[in-house]
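Report on the structure
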Amino acid sequence: MAEETKEVSGVKETSESVDSSKEVEDGTSKGDTASTKPETPEEPEEEEEVVEGNWNTRKVEVKEIQVITGEEDEEIFWQQRSKLYRFGTDTDGEPVWKERGLGESKLLQHKTTKKIRFLLRQDKTLKVVANHYVLETESLCRLRPNIGSDKIWVWTANNTYDDETKVEQMALKFGQIDQAKLFKEKFEEAAKINKEIFQAEGKKC
């Protein structure tokens, strides 16, 4: 770079001449119109398809299990939701009514023999808590009202459950008075039917 100096009114004036061959700060020569192209990104490699292995879904067979209740050969003679109580004693030996279960109480008539039995299973567990033939005698299967309620009937029967038969005093409670009245009618009707059948077989009621 050459300096040219001349005096103007006693003051030195300095000018710089720019060498045309000097490169600009960006590293290109003056007048260079070349443009920079962006690099093309490499394409990702394709993943190999997995073809090995057993891709068949295993079939699961669901077998239907038939539950035998003992009611298959019987028809419903009467049915109503109710609560059963059994007369017993508490831990102190005092007499008390104990709840045996809430569920559908039924009078079931056998399709062949026509005999009728009383049955009640607990809800959910389906455990049998009452099971006996309706056979009226001087001491068994004689309905009597519970003191203080028209929705409860009390009787004594040879109750069979858990592979054991016991003479038990039971009480059946209904939600409505009409339901209790209908039960009495059907229970006594069942007792008459059974009496005729057992007498024909030569058995004592």
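Just above sits the structure.
The rules behind these values
Residues numbered from 1 in each chain as written. Predicted model: local features only at pLDDT ≥ 70, side-chain atom pairs only at ≥ 80, totals over all residues. Heavy atoms only, no water. Helix = DSSP H or I, 4+ residues; strand = E, 2+ residues; numbered from the N terminus. Buried < 20%, exposed > 50% of the residue type's maximum accessible area, 1.4 Å probe, protein only. Contact = heavy atoms within 4.5 Å. Phe/Tyr/Trp six-rings, centres within 6.5 Å; stacked < 30°, edge-to-face > 60°. Pairing = 2+ DSSP bridges. Core = buried A, V, L, I, M, F, W, Y, C linked by side-chain atoms within 4.5 Å. Expected span 1.5 Å × (residues − 1). Salt bridge = Lys/Arg side-chain N within 4 Å of Asp/Glu carboxyl O.

Some thoughts on the overall build of the protein
From N to C terminus, the protein includes 1 helix and 9 strands. Looking at the protein as a whole, 27% of its 205 residues qualify as buried. Long-range pairs, those at least 24 residues apart, make up 46% of the contacts in the protein between residues at least 6 apart in sequence.

Remarks on the packing of aromatic side chains
The full count for this structure, using the stated rule, is 10 aromatic pairs. Ring centres of W78 and F183 lie 5.1 Å apart, and the angle between their planes is 50°; on these two criteria the pair is classed as tilted. Of the two residues, W78 sits in strand β3 (residues 74-89) while F183 sits in helix α1 (residues 177-200), which places them 105 residues apart along the sequence. No difference in accessibility class separates W78 from F183, as the two residues are buried. Taking the centre distance of 5.4 Å and the plane angle of 85° together, the rings of F118 and W155 count as edge-to-face. You can see F118 sitting in strand β5 (residues 116-121) and its partner W155 sitting in strand β8 (residues 152-161), a full 37 residues away along the chain. Across the pair, exposure class does not vary: F118 and W155 are buried alike. Aromatic rings pair up to connect W78, F118, W155, F174, F183 and F187 into one cluster.

As for unusual backbone geometry
The backbone of K114 shows a phi angle near 70°, a positive value even though the residue is not glycine. Mapped onto the elements of the fold, K114 is located in the loop between β4 (95-110) and β5. Its relative accessible area of 39% is what places K114 among the partly exposed residues. In this model, D163 sits at a positive phi of 60°, which is unusual for a non-glycine residue. Its place among the elements puts D163 in the loop between β8 and β9 (164-173). What makes D163 exposed here is its relative accessible area of 84%.

Remarks on the sheet that holds strand β7 (residues 144-145)
Pairing within the open sheet is antiparallel, and its 7 strands lie in the order β6-β5-β4-β3-β9-β8-β7. Edge positions in the open sheet fall to β6 (128-133) and β7, since each of these has one partner strand only. When β5 meets β6, the two strands line up antiparallel, connected through 5 bridges. Paired with R117 across the strands is Y133, a residue of β6.

Details of the nonpolar core
Formed by 23 residues in total, the largest nonpolar core has its most connected members in L107, F118, W155, L172, F183 and F187. When residues of this core are traced back to their parent elements, those giving at least two are β3, β5, β6, β8, β9 and α1. The greatest single-element share of this core, amounting to 5 residues, is contributed by α1.

Section: the pairing of β5
Remark: a regular strand shows side chains that alternate across the two faces of the sheet. Summarising burial for β5: 6 of the 6 residues are buried, a large majority. Where burial is concerned, the two faces of β5 agree: the one with I116, F118 and L120 and the one with R117, L119 and R121 are both buried. Where β4 and β5 come together, 5 bridges link them in antiparallel fashion. Bridge assignment links L107 to a residue of β5, and that residue is F118.

A few points about α1
In this model, α1 (24 residues) spans 35 Å end to end at C-alpha, consistent with the 34 Å of a helix rising 1.5 Å per residue. When we look at burial in α1, the residues that qualify are A180, F183, F187, A190, A191, N194, I197 and F198. Elements in contact with the buried residues of α1: β3, β4, β5, β6, β8 and β9. G202 occupies a position one or two residues after α1 and carries a positive phi of about 80°.

Brief notes about the pattern of salt bridges
Throughout the structure, instances matching the rule amount to 11 salt bridges. One connected set of salt bridges, linked through shared partners, spans E71, K106 and R121.

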